[in-house]
Amino acid sequence: AALSSLTGRPPYQLYMSLSVGLNLVTTSGVAALAMQPTRRWWAAVVAAILYAVSPLATYGLLQQLLPQLWGLGLACALLALVMRRDLHQAGGARIRDVVPVGVIAAALIVVSVELASILVFAYILYVCVLIGRRQIAFTAALVRLWLPALAIVLIVLNSYALRDADYVKLQVDHGTQAASNP
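We now turn to the structure provided with this report. Remember, predicted model here, so these are calculated numbers, not experimental data. (Residues numbered from 1 in each chain as written. Predicted model: local features only at pLDDT ≥ 70, side-chain atom pairs only at ≥ 80, totals over all residues. Heavy atoms only, no water.)

1. Concerning the pattern of salt bridges
Logical step 1: One pass over the full model with this rule turns up three salt bridges.
Logical step 2: In this structure, D97 engages R84 in a salt bridge whose closest nitrogen and oxygen atoms are separated by 3.2 Å. Of this pair, D97 sits in helix α6 (residues 95–112) while R84 sits in the loop between α5 (66–82) and α6, placing them 13 residues apart in sequence. Residue D97 shares its accessibility class with R84, and that shared class is buried. (Salt bridge = Lys/Arg side-chain N within 4 Å of Asp/Glu carboxyl O. Helix = DSSP H or I, 4+ residues; strand = E, 2+ residues; numbered from the N terminus. Buried < 20%, exposed > 50% of the residue type's maximum accessible area, 1.4 Å probe, protein only.)

2. Focus on a nonpolar patch on the surface
Logical step 1: Side chains of W41, W42, V45, V46, I49, L50 and V53 sit close together on the surface and give an oily, nonpolar patch of about 770 Å² of accessible area.
Logical step 2: By the secondary structure assignment, V45 is in helix α3 (residues 41–52). (Patch = residues over 30% accessible without salt bridge, like charges linked within 9 Å, V, L, I, M, F, W, Y side chains within 5 Å. Areas by Shrake-Rupley, 256 points an atom, 1.4 Å probe, with all protein chains shown as cover.)

3. A look at the nonpolar core
Logical step 1: Core analysis: the largest hydrophobic core is formed by 28 residues, its most contacted members being L78, V82, V101, Y123, L145 and W146.
Logical step 2: Contributions of two or more residues to this core are made by α5, α6, α7 (116–132) and α8 (138–157).
Logical step 3: The element best represented in this core is α8, accounting for seven residues.
Logical step 4: A34, Y51, A57 and C76 belong to the second-largest nonpolar core, a separate cluster that totals six residues. (Core = buried A, V, L, I, M, F, W, Y, C linked by side-chain atoms within 4.5 Å.)

4. Observations concerning the layout of surface pockets
Logical step 1: Looking at the largest pocket, its volume works out to about 410 Å³.
Logical step 2: Lining the largest pocket we find 16 residues, and of these L78, A105, A116, V120 and W146 sit closest to its centre.
Logical step 3: For the lining of the largest pocket, the secondary-structure elements that each account for two or more residues are α5, α6, α7 and α8.
Logical step 4: Examining the composition of the lining of the largest pocket, we find that five residues originate from one element, α7, more than from any other.
Logical step 5: The residue inventory of the lining of the largest pocket, partitioned by class, reads 16 nonpolar, no polar and no charged.
Logical step 6: The space that makes up the second largest pocket amounts to roughly 300 Å³.
Logical step 7: The wall of the second largest pocket is formed by L33, Q36, P37, R39, M83, R84, R85, D86, Y126, V129, L130 and R133. (1 Å grid on protein atoms, 1.4 Å probe; cavity = no way out; pocket = protein on both sides within 12 Å on 5 of 7 lines; lining within 4 Å. Points joined across faces, edges and corners; volume = space filled by probe spheres on them. Nonpolar A, V, L, I, M, F, W, Y, C, P; charged D, E, K, R; others polar.)

5. Regarding the packing of α5 against α7
Logical step 1: Axis separation between α5 and α7 bottoms out at 11 Å; the angle between their running directions is 20°. For the element pair α5 / α7, the angle class is roughly parallel. Crossing of α5 against α7: the hand is right-handed. From α5, A75, L78, L79 and V82 reach across to α7, where they touch L119, Y123 and Y126. (Axes fitted to C-alpha atoms, helices over the stretch in contact; angles between N-to-C directions. Parallel < 35°, antiparallel > 145°, perpendicular 65-115°, else oblique. Left-handed = near helix turned anticlockwise from the far one by under 90°. Contact = heavy atoms within 4.5 Å.)

6. A closer look at unusual backbone geometry
Backbone phi values are negative for most residues with the exception of glycine, while trans is the configuration of most peptide bonds.
Logical step 1: Even without being a glycine, R134 presents a positive backbone phi close to 55°.
Logical step 2: With respect to the helices, strands and loops of the structure, R134 is situated in the loop between α7 and α8.
Logical step 3: Unusually for a residue other than glycine, N158 sits at a positive phi of about 55°.
Logical step 4: Assignment of secondary structure puts N158 in the loop between α8 and α9 (160–176).

Okay, here's the thing in C-alpha cells:
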C-alpha cells in the first residue's frame, strides 16, 4: 500500500516487482553473511547463487509470500550488520553502525516479530563464540551498540511497540496453554 501510494500505481501492478526486490535484498544479505567469517569475495558470490537457486527461495517468491520474504531479508541484513567482531571490541560501534541496526530492527519488528526470538538466540550464540575466543568488550557491545539501537527502535515504533508486545504475549499465552478436551 505504501509503495502504491508513492508511485501512484495499483498494488496488483507492484506486488511481484516488490517481491523480486525483497528476494534480492535477502540474496544480498546472505552474501553479506557469507563474507563475515572469510572476507573472500567468492564466498559471497557462491552463497548468493546457492540461495537464489534454492527451492525454498524460489517457492516463496512464486507463492507470493511477501511478508516472509521481507522478514527474511531484514533478518539477514540485521545479522550481517551485528555479527561483526569490530562492533564488539574495544572501539565499539559508531553512529554509522548503530543507526542502520536500529532502523532495520524496528522494521523487522513491524514486519515479522516472530523472527525476533530466533535472531536473539543466534546473536547470543555469536556472542558466546566471541567470549570463548576472548574477542569481546561488553561495554562496547552493550553501551555503544545495543542501548542506542534500542532507543532508535523505541522511537521509531512509538506506541506500536506496546501493541506488538501485547500481540506477542497473546501468542505465547495461547501457544503454552494445554489443549482442552471437549
